[in-house]
Amino acid sequence: METMTNSLVVEKAKNSKIHDVDFNNLSFGSIYSDHMLVCDYANGQWQAPKIVPYQPITLEPSAKIFHYGQSIFEGMKAYKDESGNAWLFRPIENFTRFNKSAKRLAIPELPEAYFMEGLTTLLQVENDWIPQTPGSSLYIRPFILASGTGFHASPADEYKFIIACAPSGAYFSGKVKVLIEENYSRAANGGVGYAKAGGNYAGQFYPTQLAVEKGYQQVIWTDDNNHEYIEEAGAMNIFVRINDTLITGPTSDRILDGITRKSILDIAKDEGIATEVRKISVKEVVEAAMNGSLKEMFGAGTAAVVSPIAAFGYKDTDYELPELENSYASLLKKRITDIQYNRAEDKFGWRYKV
Ligand code: PLP
Ligand code: COI
């Protein structure tokens, strides 16, 4: 069942939409490429994947995804270098996390070949959709949804695994201002915070809307116990620089084990930057902002890459971060994107040729 080579059916789209796309003005994740991968789970196993034209899917109203939110996803990017070669960044990490999420949501795990061969074949078909314009990439969204039916609150017996792609530019436009959350929680001990479950994001929308109304782009989630420690943001892990030490919180049941996060930690160590992985209290961050030792805060994630935080709000006060000439954020962003776009040596072995 693991071997899939040559068994992948490719049904080509009759017409391409690519000529309607302005590759110099790409937003994030809002236009989709010509093809997608679809693979059904039925009769107790994953069936042969197919590549088909990007199209709507049909589900019964009783499909469990609609009632119980049984769904997971991943976020990846394909990067094109100056010679036109396409690359992925640490894709096996995404595959491993996908199955971790699947297990937690009682979704049947996927064989590695279905994910990796399916993905690479899809990217070969969609090669022209991988942008070569600066700062752009092909955002890849693998996901699984419960298509099996029934109002009984139990796992579905049928699923769809789909990979869709969207040529994309930056996730954030402009400076990022965040609100440190005091009331709502994103995740709890023993919960699903570490999984990329669709419902984790739906649960963030309302508190984030409240923050957006106050002029912030994202919420920084705090621990669900006392809201004392900063955890992560809606779509990225968080780094804090106090004096010259770069600090990020430990991963846990409640925090997504970000691939960008761990890559940034390795690059920072390679640069000789002092790093700490430990709990960061809101009190420490506020005090550091007040005494001037808080030099930087930034978010890290596949979509967000490295996004400097210009200011944070806490208890009705805004704290501005200084604008640094030689920030860790810009150094680390350059180092990671140079690896992703094949502009520099990949001493860690993270690049993966499509
Ligand atoms: N935290 C959350 C909640 C996310 O959705 C993401 C995005 O995937 C991240 C962190 C960053 O993870 P990664 O670097 O693997 O993309
Ligand atoms: C990613 O960074 O790829 C993510 O999955 C975040 C997403 C919520 C946009």
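Once that is clear, we can look at the pairing of strand E15 (residues 274-277). One face of the sheet, then the other: side chains in a regular strand alternate in exactly this way. Here four bridges tie strand E14 (residues 245-248) to E15, and the two strands are oriented parallel to one another. Among the inter-strand pairings, Leu246 is bridged to a residue of E15, identified as Thr275. In this view, the connection linking E14 to its parallel neighbour E15 by way of helix H5 (residues 259-270) has right-handed handedness.

A separate point is the site of ligand 1. Taken together, 17 residues surround ligand 1, and among them Lys196, Tyr201, Glu232, Thr260 and Thr302 come closest. At 2.6 Å, a side-chain N or O of Thr302 approaches an oxygen atom of ligand 1. Protein chains shield 96% of the accessible area of ligand 1, which is 380 Å² for the free molecule. Broken down by secondary-structure element, the contributors of at least two residues to the shell around ligand 1 are strand E12 (230-233), H5 and strand E16 (294-301).

For helix H7 (residues 328-340), with 13 residues, the first-to-last C-alpha span of 18 Å sits near the 18 Å given by 1.5 Å per residue. For H7, every residue scored as buried is listed here: Tyr328, Ala329, Leu332, Arg335, Ile336, Thr337, Asp338, Ile339 and Gln340. Of the residues one or two after H7, Asn342 is the one with positive phi, at around 55°.

The next subject is the site of ligand 2. Neighbouring residues of ligand 2: Phe73, Gly75, Tyr139, Arg141, Tyr171, Lys196, Tyr201, Ala235, Thr302 and Ala303. Contacts to ligand 2 include Lys196, whose side-chain N or O atom sits 2.7 Å from an oxygen atom. A total of 290 Å² of accessible area belongs to ligand 2 in isolation, and the protein chains cover 90% of it. Taken together, the residues of the shell around ligand 2 break down into six nonpolar, two polar and two charged. Domain assignment of the residues forming the shell around ligand 2 places at least three in each of domain 1 (9-168) and domain 2 (176-340).

With that settled, consider the packing of helix H2 (residues 91-104) against helix H3 (residues 112-125). It is the contact of H2 with H3, at a shortest axis distance of 10 Å, that shows an interaxial angle of 140°. Judged by the inter-axis angle, H2 sits oblique to H3. Between H2 and H3 lies a crossing of right-handed hand. Taking contact as the criterion, the partners of Pro91, Ile92, Asn94, Phe95 and Phe98 in H2 are, on H3, Glu112, Phe115 and Met116. Partitioned by chemical class, the residues of the contact of H2 with H3 number six nonpolar, one polar and one charged.

Counting residues in each nonpolar core, the largest one holds 43 residues, and the members touching the most others are Trp46, Phe115, Ile140 and Phe161. Those elements that provide at least two residues to this core are strand E2 (35-42), strand E6 (76-80), strand E7 (86-89), H2, H3, strand E8 (137-146) and strand E9 (159-168). In terms of residue count, H3 provides more of this core than any other element does, six residues in total. Aside from chain neighbours lying at most four places away, what touches Phe161 is Leu37, Val38, Cys39, Trp46, Phe98, Leu110, Tyr114, Phe115, Pro142, Phe143 and Ile144. Counting residues in hydrophobic clusters, the runner-up holds 25 residues, among them Val176, Ile230, Val286 and Ala288.

Inspection of the secondary structure assignment puts Asn200 in helix H4 (residues 198-213). Taking the relative accessible area as the measure of exposure, Asn200 reaches 7% and is therefore buried. In this structure, the C-alpha to C-alpha distance between Asn200 and Ser281, residues 81 residues apart in sequence, is 23 Å. Among all residues touching Asn200, those that are not within four sequence positions of it are Arg186, Val192, Gly193 and Ala195.

Right, let's get into unusual backbone geometry. Notably, His227 is not glycine yet its phi reads approximately 55°, a positive angle. With respect to the element layout, His227 can be found in the loop between strand E11 (218-222) and E12. One non-glycine residue, Asn342, lies in the positive phi region at around 55°. Mapped onto the elements, Asn342 comes out in the loop between H7 and strand E19 (351-353). The exposure class assigned to Asn342 is partly exposed, which follows from its relative accessible area of 28%.

When its domains are assigned, the protein chain resolves into domain 1 (9-168) and domain 2 (176-340). Between the C-alpha centres of domain 1 and domain 2 the distance comes to 27 Å. Contacts between the two partners involve 20 residues from domain 1, matched on the other side by 21 residues from domain 2. Carbon and sulfur atoms make up 59% of the surface buried where domain 1 meets domain 2, a total of about 1800 Å² over both sides. Looking at the side of domain 1 facing domain 2, the largest losses of area belong to Phe89, Arg97 and Arg104, adding up to 34% of the total buried there.

Rules and cut-offs
- Each residue is numbered by its place in its chain's sequence as written, counting from 1.
- Each chain gets a letter, beginning with A, and each ligand a number, beginning with 1, in the order they are written.
- Per-residue local features are limited, in this predicted model, to residues with pLDDT of at least 70; the limit for side-chain atom pairs, both in listing and counting, is 80 or more; totals at the level of whole chains, interfaces and linings are taken over all residues.
- Heavy atoms throughout the structure, all of them, feed into the side-chain values; hydrogens and water do not.
- Strand pairing is assigned whenever DSSP detects at least two bridges linking the two strands.
- Each helix is a run of H or I in the DSSP string that is no shorter than four residues. Each strand is a run of E no shorter than two, and both are numbered from the N terminus.
- Handedness of a crossover is defined as follows: orient the strands so they point away from the viewer, and if the path from the first strand over the helix to the second runs clockwise, the crossover is right-handed.
- Summary of the distance rule: residues count as near a molecule or strand when at least one heavy atom falls within 4 Å of that molecule or strand.
- Any pair of nitrogen or oxygen atoms within 3.5 Å is treated as a polar contact; in protein, a donor-acceptor pairing is required on top of that, and neighbouring residues in sequence qualify only through side-chain atoms on both sides.
- Note that accessible areas follow from Shrake-Rupley with a 1.4 Å probe, and for residues the cover is restricted to the protein chains shown.
- Each residue after the first adds 1.5 Å to the expected span of a helix.
- Accessible area is worked out with a 1.4 Å probe on protein chains only. A residue is then buried under 20% of its type maximum, exposed over 50%, and partly exposed in between.
- Residue type decides the class: Asp, Glu, Lys and Arg count as charged, Ala, Val, Leu, Ile, Met, Phe, Trp, Tyr, Cys and Pro as nonpolar, and the leftover types, Gly among them, as polar.
- Segmentation of the chain into domains, including their bounds, is taken from an automatic or database domain assignment.
- Here an axis means a line fitted to C-alpha atoms, over the contact stretch when the element is a helix, while the angle between two N-to-C directions is reported on a 0 to 180 degree scale.
- Working definition: roughly parallel below 35 degrees, roughly antiparallel above 145 degrees, roughly perpendicular at 65 to 115 degrees, and oblique for all remaining angles.
- Crossing handedness is read from the near helix: turned anticlockwise from the far helix by less than a right angle, it gives a left-handed crossing, and turned clockwise, a right-handed one.
- Pairs of residues are marked as contacts when any of their non-hydrogen atoms sit within 4.5 Å.
- Joining through side-chain atoms within 4.5 Å is the link that ties buried Ala, Val, Leu, Ile, Met, Phe, Trp, Tyr and Cys residues into a set, and such a set is a nonpolar core.
- By buried area we mean how much accessible surface two parts lose on assembly, using a 1.4 Å probe and totalling the loss over both.

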